[in-house]
Amino acid sequence: MSVHITPSNVNPQEPTAASAPAVAAPPWTRTAGVLLAVGAAAWAAGTVIVGDDIQRGIQTLDTLTGMLFVAGVFGFVALVLATRATGAGWGRIIPAGLLVSLPGAFLLNVLSFGYATHDDFPLWLMILDACWPLSMLGMLVLGIAVAVTGRYRGALRWLPLLAGLWFPVTMVAQIFAGSTASVWVSAAWLLATHAHTGVRLALRPAV
């Protein structure tokens, strides 16, 4: 990533504050991108394969690929925090909060093995289940903050916002088009936003 410095009017040798170098992408940016792309693609494929069977109860393939997806999102959120893409001040609370709730969503998938349906969960596991929707809504807030802050450039500035819309878009599709259609909408959205973001970071690990 190149940084352009514009000389000030007072002293040509001093850079202006507006052109100060951005936070460099960490060396593990490509790894985070690969993990996000693989996780999103795997879960998209898993949900399509499982299809309407998910309505009958907990499915192993959906659970395993869902864990990959959460791991990929975790890596991306860690990258957002490391590069201060939501701002250097209070904005950092957003990715920091997600780094707390996403492990809860991952743990939920791990602990769901052995239960036939979500209705069989004990109370403490039902409470942990809240980490999943909270994390997905948090991703929408994260996407808005990334877009407003503008530290990322080009498509990468807007893709997190589109990725954050996955949850509401999927819910709307399920309400108005049914569960079968929502599965395909969900998979397509995951590939077009999450996986797309991951591929960009993997091929060009700079923000």
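Rules behind the numbers
Residues numbered from 1 in each chain as written. Predicted model: local features only at pLDDT ≥ 70, side-chain atom pairs only at ≥ 80, totals over all residues. Heavy atoms only, no water. Helix = DSSP H or I, 4+ residues; strand = E, 2+ residues; numbered from the N terminus. Buried < 20%, exposed > 50% of the residue type's maximum accessible area, 1.4 Å probe, protein only. Contact = heavy atoms within 4.5 Å. Salt bridge = Lys/Arg side-chain N within 4 Å of Asp/Glu carboxyl O. 1 Å grid on protein atoms, 1.4 Å probe; cavity = no way out; pocket = protein on both sides within 12 Å on 5 of 7 lines; lining within 4 Å. Points joined across faces, edges and corners; volume = space filled by probe spheres on them. Nonpolar A, V, L, I, M, F, W, Y, C, P; charged D, E, K, R; others polar. Patch = residues over 30% accessible without salt bridge, like charges linked within 9 Å, V, L, I, M, F, W, Y side chains within 5 Å. Areas by Shrake-Rupley, 256 points an atom, 1.4 Å probe, with all protein chains shown as cover. Core = buried A, V, L, I, M, F, W, Y, C linked by side-chain atoms within 4.5 Å.

(A) Up close: the overall build of the chain. Within the chain one finds eight helices and zero strands. Shown N-terminal to C-terminal, the secondary structure of the chain runs as helices and strands in the order α-α-α-α-α-α-α-α. A buried classification covers 42% of the 207 residues belonging to the chain. Pairs at least 24 apart in sequence give 69% of the contacts found in the chain among residues at least 6 apart.

(B) Looking closely at the pattern of salt bridges. Going through the model one piece at a time under the given rule, you end up with one salt bridge. D53 is the salt-bridge partner of R56, the closest N and O atoms lying 3.2 Å from each other. On the accessibility criterion, R56 (68% relative accessible area) is exposed.

(C) Seen up close, empty space enclosed by the protein. Counted by the stated rule, this structure contains one cavity of 30 Å³ or more. Along the walls of the largest cavity sit L36, V73, F76, M139, L159, P160, A163, H194 and T197, which together make up its complete lining. Among the elements of the structure, α2 (60–82), α6 (155–164) and α8 (179–203) are those that each provide at least two residues to the lining of the largest cavity. Ranked by the residues each element gives to the lining of the largest cavity, the list is headed by α6, at three residues. When grouped by side-chain class, the residues that make up the lining of the largest cavity number seven nonpolar, two polar and no charged.

(D) Spotlight on the layout of surface pockets. In this model, the largest pocket occupies a volume close to 940 Å³. Lining the largest pocket are 31 residues, and of these W43, I54, D62, H118 and W132 lie nearest its centre. Going through the elements one at a time, α1 (29–50), α2, α3 (93–111), α5 (131–149), α7 (166–177) and α8 are the ones with two or more residues in the lining of the largest pocket. Among the elements that make up the lining of the largest pocket, the one with the highest residue count is α7 (five residues).

(E) Here's a closer look at a nonpolar patch on the surface. Together, F106, L107 and V110 make up a nonpolar patch on the protein surface, roughly 210 Å² of accessible area in all. Here F106 is to be found in helix α3. Overall, the relative accessible area of 31% leaves F106 in the partly exposed class.

(F) Representation of unusual backbone geometry in the model. Of note, the phi angle at R84 is positive, near 55 degrees, even though the residue is not glycine. Inspection of the secondary structure assignment puts R84 in the loop between α2 and α3.

(G) Just the environment of T65, in detail. Here T65 lies in helix α2. For T65, a relative accessible area of 9% gives the class buried. A C-alpha to C-alpha distance of 9.8 Å links T65 and N109, two positions 44 residues apart in sequence. The contacts of T65, once residues within four sequence positions are left out, are G39, A42, W43 and G46.

(H) Region of the structure containing the nonpolar core. The biggest cluster of nonpolar side chains holds 35 residues, and the ones touching the most others in it are F69, W132, M136, M139, L142 and Y152. Counting residues per element, the ones that place at least two in this core are α1, α2, α3, α4 (123–128), α5, α7 and α8. When residues in this core are grouped by element, the largest group, seven residues, is from α2. In this structure W132 touches W43, F69, V70, A105 and W166, once residues within four positions along its chain are discounted.

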